[in-house]
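Listed here are the chains, written in short residue letters.
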Amino acid sequence: MTRGGRSGTDIGGGHIGLVITIIALVVIASFSDPGWTLIVAGCFTAWFILALTVIRVRGGRGGEAVRRAYVATFGWGDYVTP
């Protein structure tokens, strides 16, 4: 079911991107020192905060703004699945 004219597939790509990011962080943590893991996690966090700020400035509100920032940060997961 769609809400607001948008399909649920874009949020699914966000979930896939988040899972791949977590797996990548675990791999980075196991093969290097914790500093690199914090740098990569910090970059994703900064991108999410930047996306959320832009969406809020443009008039996004509440949970919809968070969902759009989540998809902007992790929505690339749609491109790595067949």
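Residue positions within a chain follow its written sequence, with the count starting from 1. Owing to the predicted nature of the model, reporting of local features is limited to residues with pLDDT of at least 70; listing and counting of side-chain atom pairs is limited to 80 or more, with chain, interface and lining totals taken over all residues. With hydrogens and water stripped out, all remaining heavy atoms of the structure feed into the side-chain values.

Student: It is not clear to me how the confidence of the model for the protein should be interpreted in this structure. Could you clarify?
Tutor: Detailed reading of predicted coordinates is not advised where the pLDDT is low. Confidence per residue, as judged by the predictor, is encoded in pLDDT with a range of 0 to 100. Mean pLDDT for the protein: 88, with 88% of residues reaching 70 or above. Helix and strand assignments come from DSSP, with helices taken as H or I runs of at least 4 residues and strands as E runs of at least 2, each series counted from the N terminus. Summarising per-element confidence for the protein, the mean pLDDT is lowest in helix H1 (residues 9-31) (91) and highest in helix H2 (residues 34-57) (95).

Student: It is not clear to me how the pattern of salt bridges should be interpreted in this structure. Could you clarify?
Tutor: Between side chains of opposite charge, a pair can form as their charged atoms come close. Any Lys or Arg side-chain nitrogen located within 4 Å of an Asp or Glu carboxyl oxygen qualifies as a salt bridge. The full count for this structure, using the stated rule, is one salt bridge. Where Glu 64 meets Arg 67, a salt bridge forms, and the shortest distance between an N and an O atom there is 3.0 Å. You can see Glu 64 and its partner Arg 67 sitting in helix H3 (residues 62-74), three residues apart, about one turn around the helix. Three exposure classes are used, based on accessible area relative to the maximum for each residue type with a 1.4 Å probe and protein chains only: buried under 20%, partly exposed in between, and exposed over 50%. Accessibility expressed as a relative area gives 16% for Arg 67, which makes it buried.

Student: Looking at this structure, I do not really get the side chain of Thr 21. What am I missing?
Tutor: Looking at where Thr 21 falls in the secondary structure, it is placed in helix H1. The contact rule is simple, with two residues in contact once any of their heavy atoms fall within 4.5 Å. Contact partners of Thr 21, with chain neighbours within four places excluded, come to Phe 44, Phe 74 and Trp 76.

Student: What should I look at first to understand the packing of H2 against H3 in this one?
Tutor: In helix packing, the relevant descriptors are the interaxial angle and the interaxial distance, both defined with respect to the helix axes. Interaxial angles span 0 to 180 degrees and are taken between N-to-C directions of axes, which are lines fitted to C-alpha atoms, for helices over the stretch in contact. For the pair H2 and H3, the least separation of the axes is 8 Å and the interaxial angle reads 135°. On the basis of their axis angle, the class for H2 and H3 is oblique. Crossing of H2 over H3 shows right-handed handedness. For the pair formed by H2 and H3, the contact residues are Phe 44, Trp 47, Phe 48, Ala 51, Leu 52, Ile 55 and Arg 56 on the first element and Ala 65, Val 66, Arg 68, Ala 69, Tyr 70, Ala 72, Thr 73 and Phe 74 on the second. When residues are sorted by character, Ala, Val, Leu, Ile, Met, Phe, Trp, Tyr, Cys and Pro go into the nonpolar class, Asp, Glu, Lys and Arg into the charged class, and all the rest, Gly among them, into the polar class. Split by residue class, the contact of H2 with H3 holds 12 nonpolar, one polar and two charged. Oblique is the label for every angle not falling under 35 degrees (roughly parallel), over 145 degrees (roughly antiparallel), or within 65 to 115 degrees (roughly perpendicular). The sense of a crossing depends on the near helix, which, turned anticlockwise from the far helix by less than a right angle, makes the crossing left-handed and, turned clockwise, makes it right-handed.

Student: Sorry if this is basic, but what is going on with the packing of aromatic side chains here?
Tutor: Aromatic rings in a pair are described by how distant their centres are and how their planes are angled relative to each other. Planes of paired rings set the category: under 30 degrees apart is stacked, over 60 is edge-to-face and the rest tilted, where pairs are Phe, Tyr or Trp rings (Trp by its six-membered ring) whose centres lie within 6.5 Å. This model, assessed by the stated rule, comprises two aromatic pairs. Ring centres of Phe 44 and Phe 74 lie 5.7 Å apart, and the angle between their planes is 10°; this geometry places the pair in the stacked category. Of the two residues, Phe 44 is situated in helix H2 and Phe 74 in helix H3; the sequence distance between them amounts to 30 residues. Classification of Phe 44 by relative accessible area gives partly exposed; the value is 26%. Judged by its relative accessible area of 10%, Phe 74 falls in the buried class. For the ring pair Tyr 70 and Phe 74, a centre distance of 5.6 Å and an interplane angle of 55° mean the geometry is tilted. Of this pair, Tyr 70 and Phe 74 both sit in helix H3, four residues apart, roughly one helical turn. Neither Tyr 70 nor Phe 74 differs from the other in exposure class; each is buried. Three or more aromatic residues joined by ring pairs make a cluster, and in this case those are Phe 44, Tyr 70 and Phe 74.

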